[in-house]
Amino acid sequence: MRITAERLNWSVAGTPVLRDISVDIEPGQTVGLLGPNGSGKSSLLRCLAGLRLPEAGAVRYDGRPIAGWSARRIARQIAFMEQDSGPGTALRVADVVGLGRVPFHKRWHGADATDRAIVAAALERVGLTALAGRSWAGLSGGERQRAHLARALAQQPYGLLLDEPTNHLDIKHQLELMELLAGTDQTVLVVLHDLSLAARYCDRLVLLHHGRLVTAGSPTAVLTADRLAEIFEVDAELATDSLGHPVIAYRAPLTDKESHDRERPHRVRPGR
Ligand SMILES: Nc1ncnc2c1ncn2[C@@H]1O[C@H](COP(=O)(O)OP(=O)(O)OP(=O)(O)O)[C@@H](O)[C@H]1O
């Protein structure tokens, strides 16, 4: 599925959060959404998931504008895994993952054998089969994160929108998650703070700053030492490891002055 944001603008109490953002994610691509804290990544995902109504612009799935679509209709197309979301109830893990099947239930009907098989397969895919019967409340942060991914997979969506899904995951599970995302033929937009993971696993990267799109393109085109200095305010070195994977070594945070001294014309400033 192609997911498109077309000149999106969204603000809170008159303060612009997203400014004229256009992004086009081709079917089957895994795209990393990057940017410093507060740059608008979660807000953009929420607009793309139909949870925020942009003041201007459009969100399209396969070219069709989603304005006015029901939550159920959207949930049959895309799954959205939010940051640190959780039912916070006494549900079992399998019940939480089963919530991913709700958009497909017939009216007044609960889960059937097909739903249960899909939930079991999703739990297996994230390595949580053994915890299916456990109470949600007792899960660790990383287990919850994997269960949320299983819920999103159980939706069998055409598109996946994931907000920092590697939070709480140990390194093995981070790599497994990224391999799953890179290997799926679903369209994926994933918010990541780990720039090395993003560079290694994503087909393309989209970089936001102060609610604006700075650039979008291949990892090598987007992640340059100058951009890391100007946008993320760190002094960093980009290299390739012995396996050929891109790695970013951080030398130090930059002071405001040092970062401004590296400023280039493409730097996005608040209020412009
Ligand atoms: N509902 C809201 N009410 C008030 N301010 C909001 C709301 N949603 C977003 N914002 C503000 O908009 C800006 C962008 O927030 P957003 O959560 O999209 O950033 P982000 O890039 O996902 O940040 P982070 O990396 O810290 O998760 C922030 O300054 C945030 O405080």
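An account of the accompanying structure is given in this report. Note that the structure is a prediction, hence the values are computed from the model and not measured.

About the cut-offs
Residues numbered from 1 in each chain as written. Predicted model: local features only at pLDDT ≥ 70, side-chain atom pairs only at ≥ 80, totals over all residues. Heavy atoms only, no water. Near = heavy atom within 4 Å. Polar contact = N/O pair within 3.5 Å; in protein donor to acceptor, adjacent residues only side chain to side chain. Areas by Shrake-Rupley, 256 points an atom, 1.4 Å probe, with all protein chains shown as cover. Helix = DSSP H or I, 4+ residues; strand = E, 2+ residues; numbered from the N terminus. Nonpolar A, V, L, I, M, F, W, Y, C, P; charged D, E, K, R; others polar. Pairing = 2+ DSSP bridges. Contact = heavy atoms within 4.5 Å. Axes fitted to C-alpha atoms, helices over the stretch in contact; angles between N-to-C directions.

Before going further, it helps to examine the site of the ligand. The environment of the ligand is made up of 14 residues, and the closest members are G38, G40, K41, S42 and S43. Within the backbone of G38, a nitrogen or oxygen atom sits 2.8 Å from an oxygen atom of the ligand. One of the side-chain N or O atoms of Q83 is found 3.3 Å from an oxygen atom in the ligand. Out of a free accessible area of 640 Å², the ligand has 60% covered by protein chains. Of all the elements in the fold, those that place two or more residues in the shell around the ligand are β1 (3-12) and α1 (41-48). Of the residues forming the shell around the ligand, the biggest block, 3 residues, is contributed by α1. Across the shell around the ligand, the residue classes break down as 4 nonpolar, 8 polar and 2 charged.

What you tend to see is this: most non-glycine residues have negative phi, and most peptide bonds are trans. Positive phi is not limited to glycine here, since A13 has a value of about 45°. Examined against the element boundaries, A13 turns out to sit in the loop between β1 and β2 (15-25). The backbone of E164 shows a phi angle near 50°, a positive value even though the residue is not glycine. Within the secondary structure layout, E164 lies in the loop between β7 (159-163) and α6 (171-183).

Attention now moves to the sheet that holds strand β5 (residues 64-65). On the basis of which strands lie adjacent, the open sheet formed by 4 strands has the order β2-β1-β4-β5 and antiparallel pairing. The sheet terminates laterally at β2 and β5, the two strands that pair on one side only. When strand β4 (residues 56-61) meets β5, the two strands line up antiparallel, connected through 2 bridges. By the bridge assignment, R60 is partnered in β5 with P65. Its contacts with the sheet put α1 on β1, β2 and β4, and the angle it makes with β1 is roughly 120°.

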